[in-house]
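Below are the chains, spelled out letter by letter.
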Amino acid sequence: MTASATPRPARYWLMKSEPEECSIDDALAAPNATVPWTGVRNYQARNFMRDDMQVGDGVLFYHSSCPEPGIAGLARVASGTRTDPTQFDPASPYYDPKSPADKPRWLLLDVQAQRKTRVVGLAELREHPDLAQMRVLQRGNRLSITPVEPVEWAAIMEMLG
DNA sequence: GCCAACGTTGGC
DNA sequence: GCCAACGTTGGC
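Heads up: these notes are all about the structure in this document. (Residues numbered from 1 in each chain as written. Chains lettered and ligands numbered in written order. Predicted model: local features only at pLDDT ≥ 70, side-chain atom pairs only at ≥ 80, totals over all residues. Heavy atoms only, no water.)

Once that is clear, we can look at the overall build of chain A. In terms of regular secondary structure, chain A is built from five helices and eight strands. Against the compact-globule benchmark of 15 Å for 161 residues, chain A has a radius of gyration of 16 Å, which places it among compact chains. When its C-alpha atoms are laid out on the principal axes, chain A stretches across 55 × 45 × 30 Å. Buried positions account for 45% of the 161 residues belonging to chain A. Here the analysis covers contacts within chain A between residues at least 6 apart in sequence; of these, 73% occur between residues at least 24 apart. (Helix = DSSP H or I, 4+ residues; strand = E, 2+ residues; numbered from the N terminus. Rg over C-alpha atoms; globule rule 2.2 N^0.38 Å. Buried < 20%, exposed > 50% of the residue type's maximum accessible area, 1.4 Å probe, protein only. Contact = heavy atoms within 4.5 Å.)

Structure below.
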């Protein structure tokens, strides 16, 4: 008899992307609306991908470093991790000459865009009491991937209607 | 363009 | 292992 793995409850994440590089529109226009999440160069964010994110997890697609920063769409984790090839590409802005070819430092996973939303900006997010602890709203937050609590996800779904 | 916050680097 | 210097992020 085979032990059937009990799927863990869905988790939720916020992933930042500069829309000039890959906007929610760009992701939706990609084949199968799926894009490889290249360029993560922070160990904590990498470890989230490697250790905690699973196919099917919900993703808030966040636009950063742009005129209207905020949540701009919904997506899902669409693959497990694999080597991020941009770390070995000298022409890439994400090139990491210190990453050993036989032991790559950096990983990526696929993200499948589901839909574009209205932009929910930081000011609006800060108004919601359930979001007071949200990682992306904390002072000095710089992580490009952060966990989102179920209560926070629910509040944002409600804001989106 | 400013600047606060944070992670990384590297000398010691 | 400490910690100052430096580079990057990212909202404003």
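Taken together, Lys16, Tyr62, Ser64, Ser65, Pro69, Leu122 and Arg142 form the complete shell of residues around DNA strand C. Protein-adjacent atoms of DNA strand C, using a 4 Å cutoff, are sugar or phosphate at a proportion of 78%. The side chain of Tyr62 places a nitrogen or oxygen atom 2.7 Å from a phosphate oxygen of DNA strand C. In the environment of DNA strand C, a phosphate oxygen lies 3.0 Å from a nitrogen or oxygen atom belonging to the backbone of Ser65. Looking at side-chain class alone, the surface near DNA strand C contains three nonpolar, two polar and two charged residues. (Near = heavy atom within 4 Å. Polar contact = N/O pair within 3.5 Å; in protein donor to acceptor, adjacent residues only side chain to side chain. Nonpolar A, V, L, I, M, F, W, Y, C, P; charged D, E, K, R; others polar.)

A few words on the pairing of strand E7 (residues 110–121). Pairing of strand E2 (residues 34–36) with E7 involves three bridges; the strand directions are antiparallel. Pairing of Val35 across the sheet is with Val111, part of E7. Examined bridge by bridge, strand E4 (residues 70–77) and E7 share seven bridges and lie antiparallel to one another. Paired with Arg76 across the bridge in E7 is Gln112. (Pairing = 2+ DSSP bridges.)

By volume, the largest pocket amounts to about 560 Å³. Looking at the lining of the largest pocket, its residues break down into seven nonpolar, seven polar and five charged. (1 Å grid on protein atoms, 1.4 Å probe; cavity = no way out; pocket = protein on both sides within 12 Å on 5 of 7 lines; lining within 4 Å. Points joined across faces, edges and corners; volume = space filled by probe spheres on them.)

Before going further, it helps to examine the side chain of Lys16. With respect to the secondary-structure elements, Lys16 resides in strand E1 (residues 12–17). In terms of polar contacts, Lys16 uses its side chain to reach the backbone carbonyl oxygen of Leu143, at 3.3 Å. Non-local contacts of Lys16, meaning those with residues more than four positions away in its chain, are made with Trp37, Tyr62, Ser64, Val136, Asn141, Arg142, Leu143 and Ser144.

Another point: the environment of Leu109. As for its position among the elements, Leu109 is in the loop between strand E6 (107–108) and E7. Residues Leu109 and Arg50 lie 59 residues apart in sequence; the distance between their C-alpha atoms is 8.8 Å. Filtering out sequence-adjacent residues up to four positions away, Leu109 remains in contact with Met15, Val35, Pro36, Trp37, Met49, Met53, Val77, Ser79, Gly80 and Thr81.

With that settled, consider the protein's contact with DNA strand B. Residues in close proximity to DNA strand B include Tyr43, Lys98, Arg139, Gly140 and Arg142, which together make up its full environment. Sugar and phosphate atoms represent 70% of those atoms of DNA strand B found within 4 Å of the protein.

What helix H3 (residues 43–52) keeps buried is the set Ala45, Arg46, Phe48 and Met49. Down the axis of H3, the buried set is contained in an arc of 155°. They therefore lie on one face. Regarding H3, its N-cap is Asn42, as a side-chain oxygen of that residue lies 2.9 Å from the backbone nitrogen of Gln44 further along. (Arc of directions from axis to C-beta.)

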